[in-house]
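Each chain is listed here by its residues.
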Amino acid sequence: MDNSDNTGSCEFTINVIDTGDPQVSCPDNIEENSSTDQAIVTWNNSSVTDNVDTGLATTCNPPSGSPFNIDSTVTCSAMDNSDNTGSCEFTINVIDTGDPQVSCPDNIEENSSTDQAIVTWNNSSVTDNVDTGLSATCTPPSGSSFNIGSTDVTCSATDAAGNVGRCEFKVSFGGCSNISSVPGYQIAVIAILAICLVMSLSFSFYSRFRYSQKNRDINSTMNMTNIDVSTSKPPNTDYELPAPGNVEAAHVAESRESVNYGYEDLHTYSSLEPAYTGLKQS
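None of these values were measured; they are calculated from a predicted model.

## Side note on the overall build of the protein chain
Moving on, step 1. The helix and strand tally for the protein chain stands at 1 helix and 22 strands.
Moving on, step 2. For the protein chain, with 282 residues in total, the buried portion stands at 22%.
Moving on, step 3. The long-range fraction of contacts in the protein chain, counting pairs at least 24 apart against all pairs at least 6 apart in sequence, stands at 60%.
Moving on, step 4. Accessible area for the protein chain stands at about 20300 Å²; split by element, carbon and sulfur atoms hold 48% of it.

Now the structure itself:
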């Protein structure tokens, strides 16, 4: 304004440039258990504040509700009207709770001519929901010596999370004689002895059967079981028995014949004085 009250003016603009990034608040780190190789994880929307703008929204990558693997990182961001971007991060830790899957071989049966046998088998296969290249350990291991009977074999595998998978199978071992290890002459001797034993038993049974059958036939044809037949000396027949020491004595020999038809043979019994050994007819 001059002394005459005339006023002159001008204008200029002050542009306050927003350089402040929005403040994004992420949720805490998340842990999720899963028995598979992934887990579906959700969370509440992140909050956003800005020095100028209001009502801003966040965008997370990967978004809430996505499937997550082990140890995944999520980034959430927001942009204001001045194109300032704010962001935050959190971690989703999917905890592996799935046991490895171990496939055992089928049950094994072995025979041996000794009291032990060496048994081997192919390595057990292992699959896991997260880890690869796992191997199984068996107790007792393949190539061990197994005793007669049934033995349980346990194979197990452990993944990086400490989960253990197991399977079992049986090794059954029965001892048997290996005939190929017996000398040929021993086999021949054993066979001959066996044949002789069978023939001897057969003959014994047959003889007893025939003897029993014959006695039954005899008894069935006889009316009397026992018949005694006695014979005397012929009439007017004398026998002189010279006595020792000029002693003469005449004795009549008595002869008795006894027949028992319950037996096959006739048995003749003669009774004489024991002192006389010579018998002559006078």
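From this point, things continue past the structure.
## Focus: the sheet that holds strand β7 (residues 72-79)
Moving on, step 1. The 4 strands lie next to each other as β2-β8-β7-β5, forming an open sheet whose pairing is mixed. The sheet is open, and its two edges are formed by β2 (30-34) and β5 (59-61), each paired on a single side. Neighbour to neighbour, the strand axes of the sheet diverge by 25° on average, direction disregarded.
Moving on, step 2. The sheet contact formed by β2 and strand β8 (residues 85-96) spans 5 bridges and is parallel. Of the residues in β8, the one forming a bridge with Glu 31 is Asn 93.

## Here we look at a nonpolar patch on the surface
Moving on, step 1. Taken together, the side chains of Phe 12, Ile 14 and Val 16 present a nonpolar region at the surface, about 430 Å² in accessible area.
Moving on, step 2. Checked against the element boundaries, Phe 12 lands in the segment before β1 (23-25).

## Focus: the nonpolar core
Moving on, step 1. Among the nonpolar cores identified, the biggest contains 14 residues, and Val 41, Trp 43, Phe 68, Val 74, Cys 76, Phe 90 and Ile 92 are the most heavily contacted of them.
Moving on, step 2. Among the secondary structure elements, those contributing two or more residues to this core are β3 (39-41), β7 and β8.
Moving on, step 3. At 4 residues, β8 tops the list of elements feeding residues into this core.
Moving on, step 4. When sequence neighbours within four positions are dropped, the list of residues in contact with Val 74 reads Trp 43, Cys 60, Asn 61, Pro 62, Phe 68, Cys 88, Glu 89, Phe 90 and Ile 92.
Moving on, step 5. Ile 108, Val 126, Cys 138 and Ala 157 belong to the second-largest nonpolar core, a separate cluster that totals 13 residues.

## Some remarks on the confidence of the model for the protein chain
Moving on, step 1. Residues with a pLDDT of 70 or more make up 72% of the protein chain, whose mean pLDDT is 78.
Moving on, step 2. Across residues 177-181 the pLDDT falls below 50, and counting only partners more than four positions away or on other chains, this stretch makes 2 contacts in the model.
Moving on, step 3. In this model residues 246-282 is a low-confidence stretch, pLDDT under 50, and it forms 67 contacts with partners more than four residues away in sequence or in other chains.

## Some details on the side chain of Asn 84
Moving on, step 1. Along the chain, the position of Asn 84 falls in the loop between β7 and β8.
Moving on, step 2. Polar side-chain contacts of Asn 84 include one of 3.4 Å to the backbone oxygen of Gly 20.
Moving on, step 3. Leave out the neighbours within four places in its chain, and Asn 84 touches Asp 18, Thr 19, Gly 20, Asp 21, Pro 22, Ala 78 and Met 79.

## Notes on the pattern of salt bridges
Moving on, step 1. Enumeration over the complete set of coordinates arrives at 1 salt bridge.
Moving on, step 2. Between Lys 170 and Asp 152 there is a salt bridge, with its nearest N and O atoms 2.6 Å apart. Of this pair, Lys 170 sits in strand β16 (residues 164-175) while Asp 152 sits in strand β15 (residues 149-158), and the two are 18 residues apart along the sequence.
Moving on, step 3. By relative accessible area, which is 42% here, Asp 152 ends up partly exposed.

Definitions and cut-offs
Residues numbered from 1 in each chain as written. Predicted model: local features only at pLDDT ≥ 70, side-chain atom pairs only at ≥ 80, totals over all residues. Heavy atoms only, no water. Helix = DSSP H or I, 4+ residues; strand = E, 2+ residues; numbered from the N terminus. Buried < 20%, exposed > 50% of the residue type's maximum accessible area, 1.4 Å probe, protein only. Contact = heavy atoms within 4.5 Å. Areas by Shrake-Rupley, 256 points an atom, 1.4 Å probe, with all protein chains shown as cover. Pairing = 2+ DSSP bridges. Axes fitted to C-alpha atoms, helices over the stretch in contact; angles between N-to-C directions. Patch = residues over 30% accessible without salt bridge, like charges linked within 9 Å, V, L, I, M, F, W, Y side chains within 5 Å. Salt bridge = Lys/Arg side-chain N within 4 Å of Asp/Glu carboxyl O. Core = buried A, V, L, I, M, F, W, Y, C linked by side-chain atoms within 4.5 Å. pLDDT = per-residue confidence, 0-100. Polar contact = N/O pair within 3.5 Å; in protein donor to acceptor, adjacent residues only side chain to side chain.

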